[in-house]
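Chains, contacts and geometry: an overview
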Amino acid sequence: MIVLESVQLREIHLPLVHYFETSFGRTDNRRIILVTVKTRDGVGYGECTAGEEPDYSCETTETAWHMLADFIIPNLLGKELPDARSVDGALRAIRGNRMAKATLETAVWDLEARLLGIPLSRHLGGTRRHIPCGVSIGIQPGIDALLKKVGRELAAGYRRIKIKIKPGWELDPIRCLREAFPDIPLMADANSAFRLSDLPLLRRLDQFNLMMLEQPLDDDDIVDHAALQKELATPICLDESIHSAEDARKAVEMGSCRIINVKLGRVGGYSEVLKINDYCGRNGIPIWCGGMLESGVGRAHNIAMSSLSAFSLPGDVSASKRYYAEDTVHPPVVVTPDGTIELPERPGIGYDLDWERIQRASVRTRDFYRQEEQR
Ligand code: OSB
Ligand code: MG
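Structural notes, computed from the coordinates. All of these numbers come straight from a predicted model, not from anything done at the bench.

Reading the values: the criteria
Residues numbered from 1 in each chain as written. Chains lettered and ligands numbered in written order. Predicted model: local features only at pLDDT ≥ 70, side-chain atom pairs only at ≥ 80, totals over all residues. Heavy atoms only, no water. Donors = N, O, S within 2.8 Å, 3.2 Å for Na, K, Ca; no water. Helix = DSSP H or I, 4+ residues; strand = E, 2+ residues; numbered from the N terminus. Buried < 20%, exposed > 50% of the residue type's maximum accessible area, 1.4 Å probe, protein only. Axes fitted to C-alpha atoms, helices over the stretch in contact; angles between N-to-C directions. Parallel < 35°, antiparallel > 145°, perpendicular 65-115°, else oblique. Left-handed = near helix turned anticlockwise from the far one by under 90°. Contact = heavy atoms within 4.5 Å. Nonpolar A, V, L, I, M, F, W, Y, C, P; charged D, E, K, R; others polar. Near = heavy atom within 4 Å. Polar contact = N/O pair within 3.5 Å; in protein donor to acceptor, adjacent residues only side chain to side chain. Areas by Shrake-Rupley, 256 points an atom, 1.4 Å probe, with all protein chains shown as cover. 1 Å grid on protein atoms, 1.4 Å probe; cavity = no way out; pocket = protein on both sides within 12 Å on 5 of 7 lines; lining within 4 Å. Sits in = over half its atoms within 2 Å of the grid points. Expected span 1.5 Å × (residues − 1). Points joined across faces, edges and corners; volume = space filled by probe spheres on them. Domains from an automatic or database assignment. Core = buried A, V, L, I, M, F, W, Y, C linked by side-chain atoms within 4.5 Å. Pairing = 2+ DSSP bridges. Right-handed = clockwise from strand over helix to strand, strands pointing away.

1. Some points on the coordination of the magnesium ion (ligand 2)
Octahedral metals with six donors have ideal donor angles of 90 or 180 degrees. Tetrahedral metals with four donors have an ideal donor angle of 109.5 degrees. Donor atoms from the polypeptide that coordinate the magnesium ion (ligand 2) comprise Asp189 (OD), Glu214 (OE) and Asp239 (OD), at 2.1 to 2.3 Å from the metal. Within one chain, the residues serving as donors to the magnesium ion (ligand 2) are arranged as D-x24-E-x24-D. Of this pair, Asp189 sits in strand 7 (residues 186–189) while Glu214 sits in strand 8 (residues 213–214), and the two are 25 residues apart along the sequence. In this structure, Asp189 and Glu214 share a single accessibility class: buried.

2. Concerning the packing of helix 1 (residues 61–76) against helix 3 (residues 98–116)
One can describe the packing of helix 1 onto helix 3 by two numbers: an axis separation of 9 Å at closest approach and a directional angle of 50 degrees. When the axis of helix 1 is compared with that of helix 3, the two are oblique. Between helix 1 and helix 3 lies a crossing whose hand is right-handed. For the pair helix 1 and helix 3, the contacting residues are Ala64, Met67, Leu68, Ile72, Ile73 and Leu76 in the first and Ala100, Lys101, Thr103 and Leu104 in the second. For the contact of helix 1 with helix 3, the per-class residue count stands at 8 nonpolar, 1 polar and 1 charged.

3. Looking at the site of ligand 1
Near ligand 1, the surroundings consist of 15 residues, among which Ser136, Lys164, Asn191, Leu293 and Tyr323 are the closest. At a separation of 3.3 Å, an oxygen atom of ligand 1 approaches a polar backbone atom of Met292. In the complex, the protein chains occlude 95% of the 390 Å² of accessible area that ligand 1 would expose alone. Counting atoms within 2 Å of the grid points, the majority share of ligand 1 lands in the largest pocket.

4. What about helix 3?
The end-to-end C-alpha separation of helix 3 is 26 Å, in line with the 27 Å expected for 19 residues at 1.5 Å each. When you tally the buried positions in helix 3, you get 15 out of 19 residues, the bulk of the element. Positive backbone phi, approximately 75 degrees, marks Gly117, located one or two places after helix 3.

5. Describing the layout of surface pockets
Approximately 810 Å³ is the volume found for the largest pocket. If you go around the largest pocket, you meet 44 residues; those closest to its centre are Phe20, Glu21, Thr22, Thr27 and Leu293. Counting only elements with at least two residues in the lining of the largest pocket, the list comes to strand 1 (6–21), strand 2 (26–38), strand 5 (135–137), helix 5 (143–155) and strand 6 (161–164). Residue-level mapping places the lining of the largest pocket at the junction of two domains, with at least three residues from each of domain 1 (2–117 + 353–373) and domain 2 (123–352).

6. Examining the nonpolar core
Leu104 and Ile260 are the most contacted members of the largest nonpolar core, which totals 119 residues. Two domains share this core, each providing at least three of its residues, namely domain 1 (2–117 + 353–373) and domain 2 (123–352). If we ignore the near neighbours within four places in the chain, the residues touching Ile260 are Cys237, Leu238, Ile242, Ala248, Val252, Cys280, Ile285, Pro286, Ile287 and Trp288.

7. Observations concerning empty space enclosed by the protein
One pass over the structure, following the stated rule, counts 3 cavities of 30 Å³ or more. Counted as a void, the largest cavity has a volume near 90 Å³. Examining the composition of the lining of the largest cavity, we find that 4 residues originate from one element, helix 3, more than from any other. Classifying every residue of the lining of the largest cavity by side-chain character gives 4 nonpolar, 7 polar and 2 charged. Of the residues that make up the lining of the largest cavity, three or more belong to each of domain 1 (2–117 + 353–373) and domain 2 (123–352).

8. Considerations on the sheet that holds strand 3 (residues 43–47)
Ordered by their spatial adjacency, 4 strands build an open sheet running 3-2-1-15, and the pairing between neighbours is antiparallel. Of all strands in the sheet, those bounded by a partner on one side alone are strand 3 and strand 15 (362–369). Averaged over neighbouring strand pairs, the angle between their axes works out to 25 degrees when direction is ignored. Looking at chain direction, strand 2 and strand 3 are connected through 5 bridges and run antiparallel. Considered in strand 3, the bridge of Val35 is made with Gly46. The strands that helix 3 touches are strand 1, strand 2 and strand 3; relative to strand 3, the one it contacts most, it runs at about 145 degrees.

9. Regarding the side chain of Asp316
Along the chain, Asp316 falls in the loop between helix 12 (296–305) and strand 12 (329–330). On the basis of relative accessibility, which here comes to 6%, the residue Asp316 falls in the buried class. One polar contact links Asp316 to Arg160, side chain to side chain, over a distance of 2.4 Å. Only 2.6 Å separates the side chain of Asp316 from the side chain of Lys162, close enough to count as a polar contact.

10. Structural notes on the pairing of strand 6
Of the two faces of strand 6, the one carrying Ile161 and Ile163 and the one carrying Lys162 and Lys164 are both buried. As paired elements, strand 5 and strand 6 share 3 bridges and run parallel to each other. What sits directly across from Ile137, in strand 6, is Ile163. Between strand 5 and its parallel partner strand 6, the chain crosses via helix 5, and the hand of that crossover is right-handed. By the bridge criterion, 4 bridges tie strand 6 to strand 7 in an arrangement that is parallel.

11. Remarks on the packing of helix 9 (residues 245–254) against helix 11 (residues 270–283)
Helix 11 packs onto helix 9 with a crossing angle of 25 degrees between their chain directions and a minimal axis gap of 8 Å. Classified by the angle between their axes, helix 9 and helix 11 sit roughly parallel to one another. Counting all contacts with helix 9, which are made through Ala245, Glu246, Ala248, Arg249, Val252 and Glu253, the residues of helix 11 involved are Glu272, Lys275, Ile276 and Tyr279. Across the contact of helix 9 with helix 11, the residue classes tally to 5 nonpolar, no polar and 5 charged.

Have a look at this one:
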């Protein structure tokens, strides 16, 4: 039985070592919510993956803080939860807001794994000892900069290159990359920047042997994606459109995608991830772990999730130093020269939080305590 005695919310501001540009725009500085959950005898940590702006998702750092403080935390404090798996059901009365819910849900899974004295990956049923890593490369100021950057990431050992595309930055960068690196695993992520009427252009991407084309069309669409997939040889991978195992099933049954990008926050936490892992494993749909420019705490959760059996493709899970000069965990997440991350062996997420660093980056904290029952 898990009974949360207290929860702490904390907002930190972390500058990215380099801005990250997608079809939505640029991010220079992250506003990240960290959460600490405590029972009488345990502690666990989570990170909110919501971004600063409502572009990738309708959730933002600020809406997540509101949902956590005013609904999610009051709903869970003092409640008798049979186990971490039951948190998802306990939050069912709160609609949507999956990133906010996942912040708490993932922290309780970390707490439970720590209480059991086992790594979170093992607690989830993960089987991998190390995970293959890819990189997500933002829109660059020009082709030369892109080629240089890709060369550096390949030299560092990364096993798959993903570039962000948008109208006007698609065919040329991909053609130049293919000429320079004919055989690398290469893919492109459009973050919903195209329409079905762009079919003639998107069809031309088929000649470049991309592993997949990620989320070319609207975030809330699986109908046009199905129409597009029929016309393309390149597999479509859905990211923004998939919020649950049911979404995954419907998209697969409609033929809207052949691959799925799984993000812990976007689907509301580990309970849903486990269902997606089961469904995709049974149906031969490869999945991989997406990234949200997480700091170390969220990154450690992504690593644990990536150990699950259906996560067969390299994810957007890369080294701390690609994002932050000083991360929230110590030591930072490192990638081996052959492009893998080793699963930590210690209990829970398996990385220590760097409280000195976190303290310096903090802009607000709020503590919540269980109300003692009146007698
Ligand atoms: O679409 O995968 C995406 C970052 C922010 C929002 C959406 C996305 C991304 C990334 C970055 O691609 C992945 C990473 O954390 O390296
Ligand atoms: Mg994406």
